[in-house]
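So the chains spell out like this:
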Amino acid sequence: MAGTEIISTEPATGAILWRREIGDVDAEVALARASWAAWAAQPLAFRIEALRRFGNVVRARADAFTDLIARETGKPLWEARTEVESVIAKVDISVGAYAERTAQRRIDAPMGSRMAVRHKPHGVLAVLGPYNFPAHLPNGHIVPALLAGNAVIFKPSEKTPASGVFLVECFHAAGVPEGCIRVLIGGPTEGKALAEHPDIDGLLFTGSARTGLLLNRSFANRPEKILALEMGGNNPIIVWESPDLHSTAALIVQSAFTTAGQRCTAARRLIVDDRVYDQVIEQVNKLTGKLIVGEPHATPAPFMGCVIDNESADQLTESFLELMMRGGRPIRHPERLVEGRPFLTPGLIDTTELKDRPDIELFGPILQVIRAKTFDEAIAEANNTRYGLSASLISQNPALYDRFWANARAGIVNWNKPTNGASSSAPFGGIGWSGNHRPSAYYAADYCAYPVVSNEADQARASIGVGLRDG
């Protein structure tokens, strides 16, 4: 960001990718406010058809969109392509979710009347998007919101604005009215102004817990506005009674280092049975050393790209050193591969002996390892966090999974699967500092419309039989 402009650069090369003037918050809110009622008045079938056209527009522009996301985030081309595919798939998933979660109901009532349950849109919803999935994650709010009849003002991350603009242009090209889906270019100042604007009816947020907590405080005296928070996680993955060390290591590496560790569901803490610690860590370290870290279009394709910018890479490196100074034992040091660029190799560090492990989300390729002597101790360590997004158990013992599922405090609890890679066909969210009990993905329909109960009759029929004077 420079002055009155937002400038987007390719993290892998440093080249300027895109630039545009900062937007006008009041003007965008006013346009959305003036446009949403006409959109809400359209039949649901009309909005469904418009959004399906949006999916077709994205499909037709998939190669260009994939290339843009890869360049702007630094993620590998193959991963950017899966993000675009998720954007397309979100339409049909949302249509099905809306039909299930907000279905109309009619209930017979006395005297020939009936009860009806229907849903209404909130009005104008703001969406604040993250940089790690600059299209897929905000799209997970936008499509359900538009489907329900809301107008949307989307402020993409100032680190990935070009991908956000491309996404909104696809909606406009599909015939969604321009006033009903707006893009606001700006940084934290504009995001704060949008969140606090009196003419929005709610905010749908994906991002850090620090920002989410500030938003929660800001909305505390505004109960009339909907607030859906999708925040991060300090996610545990436990290894217990899992003899297939190769598969175990692969699941751990996928959990911790996919997207360069820049996923809210990424594994941050590996908790290992002390009896097999050496064997597990040897396999994880060996596989980690084979990972290709490279620029998006490299051949052969890299497993992971760079982190989003040099500031993030510096902070992650400093966090690793801080863990060492507190008593952590390094297993594999993260390294900067290219001078002046945010390519960071994965880091592994044993923090078993740290008395007060910092309960923070290290948003990058750093994995803490913790020994546990008993399974109860492992579960207690997994729950030793204010967050509660994702948790996974790698084990061949179903009884252990039953205990883990019953006691793990997280919104996503997996067995012999990575902590990340959640499906849009299921609810997505967590507890504690990971969210405010408004899960997204399949359950996004719940916070994009509110239920209205109506007691109805074709004719007015009423009498008062008690408590009246004679005559």
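Residues numbered from 1 in each chain as written. Predicted model: local features only at pLDDT ≥ 70, side-chain atom pairs only at ≥ 80, totals over all residues. Heavy atoms only, no water.

Undergrad: Would you mind showing me how to read the pairing of strand S1 (residues 5–9) here?
TA: Along a regular strand, successive side chains alternate from one face of the sheet to the other. Pairing of S1 with strand S2 (residues 16–21), which is carried by five bridges, proceeds in the antiparallel orientation. Note that in S2 the partner of Glu5 across the bridge is Glu21. Linking two consecutive strands that pair antiparallel, namely S1 and S2, is a turn of six residues; a positive phi of about 85° is found at Gly14 within it. (Pairing = 2+ DSSP bridges. Helix = DSSP H or I, 4+ residues; strand = E, 2+ residues; numbered from the N terminus.)

Undergrad: What is the right way to read the packing of aromatic side chains from this model?
TA: Two aromatic rings, taken as a pair, are described by how far apart their centres are and by the angle between their planes. Considering all chains together, one arrives at seven aromatic pairs under this definition. Summarising the aromatic geometry, the rings of Phe54 and Phe171 are spaced 3.7 Å apart at their centres and angled 5° between planes, so their arrangement reads as stacked. Taken together, the residues span a long stretch of sequence, with Phe54 in helix H2 (residues 44–60) and Phe171 in helix H6 (residues 161–173) at a distance of 117 residues. The exposure classification of Phe54 matches that of Phe171, with both residues buried. (Phe/Tyr/Trp six-rings, centres within 6.5 Å; stacked < 30°, edge-to-face > 60°. Buried < 20%, exposed > 50% of the residue type's maximum accessible area, 1.4 Å probe, protein only.)

Undergrad: Explanation requested: helix H4 (residues 77–101) in the structure shown.
TA: Within an α-helix, residues lying three or four positions from one another point in the same direction, as the helix has 3.6 residues per turn. Here H4 spans 35 Å end to end across 25 residues, near enough to the 36 Å set by a 1.5 Å rise per residue. The largest bend along H4 reaches roughly 35° and is located at Lys90. (Expected span 1.5 Å × (residues − 1). Bend = angle between axes of the 7 residues up to and from the residue.)

Undergrad: Please explain the pairing of strand S9 (residues 226–230) as it appears in this structure.
TA: For S9, the tally of buried residues reaches five of five residues, placing the bulk of the element in the interior. Going residue by residue along S9, you find Ile226, Ala228 and Glu230 tucked away on one face and Leu227 and Leu229 tucked away on the opposite face as well. Where strand S8 (residues 202–206) meets S9, five bridges bridge the pair, whose relative direction is parallel. Within S9, the residue paired with Gly202 across the bridge is Ile226. With respect to chirality, the unit in which S8 leads through helix H8 (residues 209–218) into the neighbouring parallel S9 is right-handed. (Right-handed = clockwise from strand over helix to strand, strands pointing away.)

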